[in-house]
Amino acid sequence: MPPPPLSRRDVLRLGGAGLAACLAGCAGGASGEIEPQPRKARLASRPLGGGNEALEPGTYPLKLRTGRDGLLYVPRCPRRSPTPLVVMLHGAGGSSTRAIRFLSDLSDQAGFLVLCPDSRGSTWDAITGEFGPDVEFIDRALAQTFSRCGVDRRRLAVAGFSDGATYALALARANGDLFTHAIAFSPGFLLPVDAHGLPRLFISHGVNDQVLPIDRASRAMVPELRAAAYRVAYREFDGGHGVPPAIARKAVEWYLDASNFPTSRVLSECPAT
C-alpha cells in the first residue's frame, strides 16, 4: 500500500531541522484538510493582444508594492511576437530574484518572457491558509505585463518549485482558460480548486527527495491528475529536492515544443546588449 500523501499537519508537526527544511522550500497540505476556495483562486487578467511599451532586454522591477514585489525579465532576443510568457513562482522562503536567475538563461535562448512575483508572506497563501492576497497580487502583475508586452495566448505558462510548484498547479487548474501550460518542479500536494479548462502539465521530482518524498508527493498526484483528464508529462530524476539543468531544459522544450527550441540555437545570434 502506498504511503499517504503529505498533509499540512505533517508540516506543522515537524521540528528542528525538519521545520527548517520546510521553510527553505517544502510544501504541506492535503486536499482533504483544506477547504476549497474556488472564487479566490480565479484570475481576471487576460492578454490584450499587444503591449504598449517597447521594452529593451533586461530585468524590470514591477514596482507594484514596496518591500516584496516582483520582476519581469525580457529576453535578449524574443523569437516571435506575440511572445510566450512563463509566470515563475519561487519556493518557500524564496524570492523573485532567485526565480529570475533560474530561468533567465533559458529565457534568452528560447525567447520567452518571465514574470516572477514575490509571495506576500514567506510562502504562498493557500499553502497554509486560503487563497487571497497572493492571487490578487499575481493578477495585478499579470495585468501590468499584458499592458506592457504582447503575450502569446497559446503559450502562457505558470511554473514553480516546491511550494511554488504546488501553487502553480492550483492556479493552472483554477485558470485553465488563461494558462495553457503548467510546470511543477518537485510539488508537494494538490490544493483543491474549482477547475476551469485542462491546461497541459509538466511535473518533475527527484527520487531521493528528503523534503517532499516522491512517493507521497508526485507519485500520488500524477495518477490523480491523469484520472481527471489532464495531459501530464512526468519526469523523475536521480537526485533530491532541486531542479537539475537538464530537467529545466526539458521542461522548456516541452512548453515551447522541441521544434521551437532547437539545441543548435546559440546566444551569438542575438545582438550584444
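What you see is a predicted model; the values in this text were computed from it and never measured.

Enquirer: Could you clarify how one ought to interpret the sheet that holds strand E7 (residues 200-206) in this entry?
Expert: Backbone hydrogen bonds hold the strands of a sheet together, and the pairing may be parallel or antiparallel. With mixed pairing, the eight strands of this open sheet are ordered in space as E1-E2-E4-E3-E5-E6-E7-E8. The two strands at the open ends of the sheet, each matched to only one other strand, are strand E1 (58-61) and strand E8 (232-237). Within this sheet the neighbouring strands show an average axis-to-axis angle of 15°, counted without direction. Where strand E5 (residues 151-161) and strand E6 (residues 181-185) come together, five bridges link them in parallel fashion. In the strand pairing of E6, Phe161 is matched with Phe185. Sheet strands in contact with helix H3 (residues 96-110) are E1, strand E2 (70-74), strand E3 (83-89), strand E4 (113-117) and E6, and its direction is about 10° off that of E2. The sheet contacts of helix H7 (residues 218-227) involve E7 and E8, and relative to E8 the element is tilted by about 165°.

Enquirer: For this particular structure, what's the right way to read the pairing of E2?
Expert: Side-chain positions along a regular strand alternate between the two faces of the sheet. Where burial is concerned, most of E2 is hidden: five out of the five residues are buried. Along E2, one buried face is formed by Gly70, Leu72 and Val74 and the opposite face, lined by Leu71 and Tyr73, is buried too. Where E1 lies against E2, four bridges are found, and the strand directions are antiparallel. Its bridge partner being in E2, Thr59 is matched across the sheet by Tyr73. As defined by bridge partners, E2 adjoins E4 across four bridges and the pair is classed as antiparallel.

Enquirer: Is there a simple way to think about the environment of Gly188 in this case?
Expert: Relative to the helices and strands, Gly188 is located in the loop between E6 and E7. You can call Gly188 buried: its relative accessible area is 0%. Separated by 26 residues in the primary sequence, Gly188 and Ile214 place their C-alpha atoms 8.5 Å from one another.

Conventions we followed
Along each chain, the written sequence defines residue order, and numbers are assigned to residues from 1. Side-chain atom pairs in this predicted model are given and counted only at pLDDT of 80 or more, local residue features only at pLDDT of at least 70, and totals for whole chains, interfaces and linings cover all residues. The side-chain values count all of the structure's non-hydrogen atoms but skip hydrogen atoms and water molecules. When DSSP locates at least two bridges between a pair of strands, those strands are taken to pair. The secondary structure listing takes helices from DSSP runs of H or I that are at least 4 residues long and strands from runs of E that are at least 2 residues long, numbered from the N terminus. With axes taken as lines fitted to C-alpha atoms, and helix axes fitted only over the stretch in contact, angles between N-to-C directions fall between 0 and 180 degrees. Working rule for contacts: check all heavy atoms of both residues, and any pair within 4.5 Å makes them a contact. Relative accessibility decides the category of a residue: with a 1.4 Å probe and only protein chains considered, values under 20% of the type maximum give buried, values over 50% give exposed, and everything between is partly exposed.

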